[in-house]
Amino acid sequence: MRPRGDPAAAAAAAAAAAPHVSIILPVHNAEPWLNECLESVLQQDFEGSMELSVFNDASKDKSMTIIEKWKVKLEGSGIPVVIGGHASPSPRGVGYSKNQAIAQSSGSYLCFLDSDDVMMPQRVRLQLEAAAQHPTSIIGCQVRREPPNSTERYTRWINQLASDQLLTQVFTSNGPTVIMPTWFCSRAWFSHVGPFDEGGQGVPEDLLFFYNHLRKGGGVVRVDQSLLLYRYHPDAATHSVLETTIWTHRVRFLEERVLPHWAAFTIWNAGRQGRRLYRSLAAGTRRKVVAFCDVDENKIRKGFYCHEDSQERPKPRVPILHFRAARPPFVICVKLDLTGGAFENNLRSLHLQEGRDFLHFS
């Protein structure tokens, strides 16, 4: 917890220099979680200058009352609080709210925080250290999920990716390899990449920003400590984005970043997801698919997949092979961590290099 002193002296000191770190907090109907969230701002052990920038996106509950109460507490401890917002009949979305919170803030670094999450006391200090060493990277961290067993596979993925996988596994259905509520970066780099898409509900603004970040050569770094309590609940904004929307963005990014560099490739999974990927590809990219591969003898025995919806004549027939008979590179459409290790063991047995010989699109 930051030391308490004379509130007037603290306010004067805060005004004397721009804060080093701005905590960016968009709020929409966050009453159930906001006290705990704001308490975690107060409890930061970072000793440099820090401000909280809150943007209230048309909340209809008691969020603003809670924010005003905490403004007094935080400023009494030397943390200036900037509050913006609007009272329109409907919210304008997470992307808009984040952009507004950033625009009204002044810190050299941005620490993103969701109103239903809780920071550990060392978060700002440790992520700032990493950001100073990696000025063109998004810095994330490990998380603790609440409730603990709500998304076990996803939480393992967040916390256990190796450093090189933070860049090779950017095409999976899990989204950004460091999750948005853990992001920390310099204002200069955010301005170079951003802003967030303001399309509103149903737009994966974090994924679109992350892809643009990678296009501009940005890095991805994770502080390997659990610095955030990451809450799962039915009202979370992430649930408003359709899986089909995410799928379309993922396929286009895959076609943009990787597939132009491969003369031919194999789709690992002759089942529903593999066939869906094949059908989603542009016609020119589909022609690069030399085979599907699988372990399912029934699929392999069939011998080929026919793309019935194709306008080409004759209709494309793509061979289905056993994975040991197939040639890399592979686009893998098999869900990780679901087969008791069988798939992972098969993949390891081929002695391939992730990123060069295969990538995950599961």
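All figures in this text were calculated on a predicted structure; none of them were measured in a lab. (Residues numbered from 1 in each chain as written. Predicted model: local features only at pLDDT ≥ 70, side-chain atom pairs only at ≥ 80, totals over all residues. Heavy atoms only, no water.)

Student: Help me get a handle on the domain arrangement of the protein, residues and values and all.
Tutor: Annotation of the protein at the domain level lists domain 1 (7–241) and domain 2 (244–360). The C-alpha centroid of domain 2 is placed 36 Å from the C-alpha centroid of domain 1. Of the residues lining the interface, 17 residues belong to domain 1; the matching set on domain 2 comes to 17 residues. Buried area between domain 1 and domain 2, both sides added, is near 1700 Å², and the carbon and sulfur share of it is 58%. Seen at the junction of domain 1 and domain 2, the total is 1 salt bridge. For Arg 215, the salt bridge goes to Glu 256, with nearest N and O atoms at 2.7 Å. Between domain 1 and domain 2 we count 9 residue pairs in polar contact (both at pLDDT 80 or more) in total. (Domains from an automatic or database assignment. Contact = heavy atoms within 4.5 Å. Buried area = accessible area lost by both parts, 1.4 Å probe. Salt bridge = Lys/Arg side-chain N within 4 Å of Asp/Glu carboxyl O. Polar contact = N/O pair within 3.5 Å; in protein donor to acceptor, adjacent residues only side chain to side chain.)

Student: Outline the nonpolar core, supporting the account with residue identities and numerical values.
Tutor: Residues Phe 112 and Leu 277 are the most contacted members of the largest nonpolar core, which totals 92 residues. Each of two domains, domain 1 (7–241) and domain 2 (244–360), supplies a minimum of three residues to this core. Other than its neighbours up to four places away in sequence, Leu 277 contacts Trp 247, Val 251, Leu 254, Ile 267, Val 331, Cys 333 and Phe 361. With 11 residues, the next largest nonpolar core counts Cys 293, Phe 323, Leu 336 and Phe 358 among its residues. (Core = buried A, V, L, I, M, F, W, Y, C linked by side-chain atoms within 4.5 Å. Buried < 20%, exposed > 50% of the residue type's maximum accessible area, 1.4 Å probe, protein only.)

Student: Explain the pairing of strand β9 (residues 265–268) to me, and be specific about the residues and the numbers.
Tutor: By the alternation rule, side chains of β9 split into Phe 265 and Ile 267 and Thr 266 and Trp 268, which are all buried. Across 4 bridges, the pairing between β9 and strand β10 (residues 289–294) is parallel. If you follow Phe 265 over to β10, its bridge partner there is Val 289. Bridge analysis of β9 against strand β13 (residues 330–332) gives 3 bridges, and the strand direction is parallel. Across the sheet, Thr 266 pairs through a bridge with Phe 330, a residue of β13. (Helix = DSSP H or I, 4+ residues; strand = E, 2+ residues; numbered from the N terminus. Pairing = 2+ DSSP bridges.)

Student: Just give me the short version of the pattern of salt bridges, but keep the residues and values in it.
Tutor: Counted under the stated rule, the structure contains 10 salt bridges. Residue Arg 231 pairs with Glu 36 through a salt bridge whose shortest N-O separation is 3.1 Å. Of this pair, Arg 231 sits in strand β8 (residues 219–231) while Glu 36 sits in helix α2 (residues 31–42), placing them 195 residues apart in sequence. The shortest N-O distance in the salt bridge between Arg 276 and Glu 243 comes to 2.9 Å. Placement of Arg 276 in helix α11 (residues 272–280) and of Glu 243 in helix α10 (residues 243–257) is noted, with a sequence separation of 33 residues between them.

Student: Quick one: what's the story with helix α3 (residues 63–76), residue by residue and with numbers?
Tutor: Taking 1.5 Å as the rise per residue, α3 with 14 residues should run 20 Å; its terminal C-alpha atoms sit 20 Å apart, in good agreement. Listed in full, the buried residues belonging to α3 are Ser 63, Ile 66, Ile 67, Trp 70, Leu 74 and Gly 76. (Expected span 1.5 Å × (residues − 1).)

Student: Account for the pairing of β10, naming residues and giving values.
Tutor: Counting buried positions along β10 gives 5 out of 6 residues, so the element sits mostly inside the fold. Where β10 meets strand β12 (residues 317–322), 3 bridges bridge the pair, whose relative direction is parallel. Looking at the pairing, Phe 292 lines up with Ile 320 of β12.

Student: Help me get a handle on the packing of aromatic side chains, residues and values and all.
Tutor: In this structure the tally under the stated criterion is 20 aromatic pairs. Look at Phe 112 and Phe 190: their rings are 6.3 Å apart centre to centre, the planes differ by 45°, and that puts the pair in the tilted class. Here Phe 190 lies in helix α8 (residues 187–193) and Phe 112 lies in strand β4 (residues 109–112), a separation of 78 residues in the sequence. You'll find Phe 112 and Phe 190 in the same group, each marked buried. Measuring from ring centre to ring centre gives 5.1 Å for Trp 268 and Phe 330, while their planes differ by 65°; the resulting arrangement is edge-to-face. (Phe/Tyr/Trp six-rings, centres within 6.5 Å; stacked < 30°, edge-to-face > 60°.)

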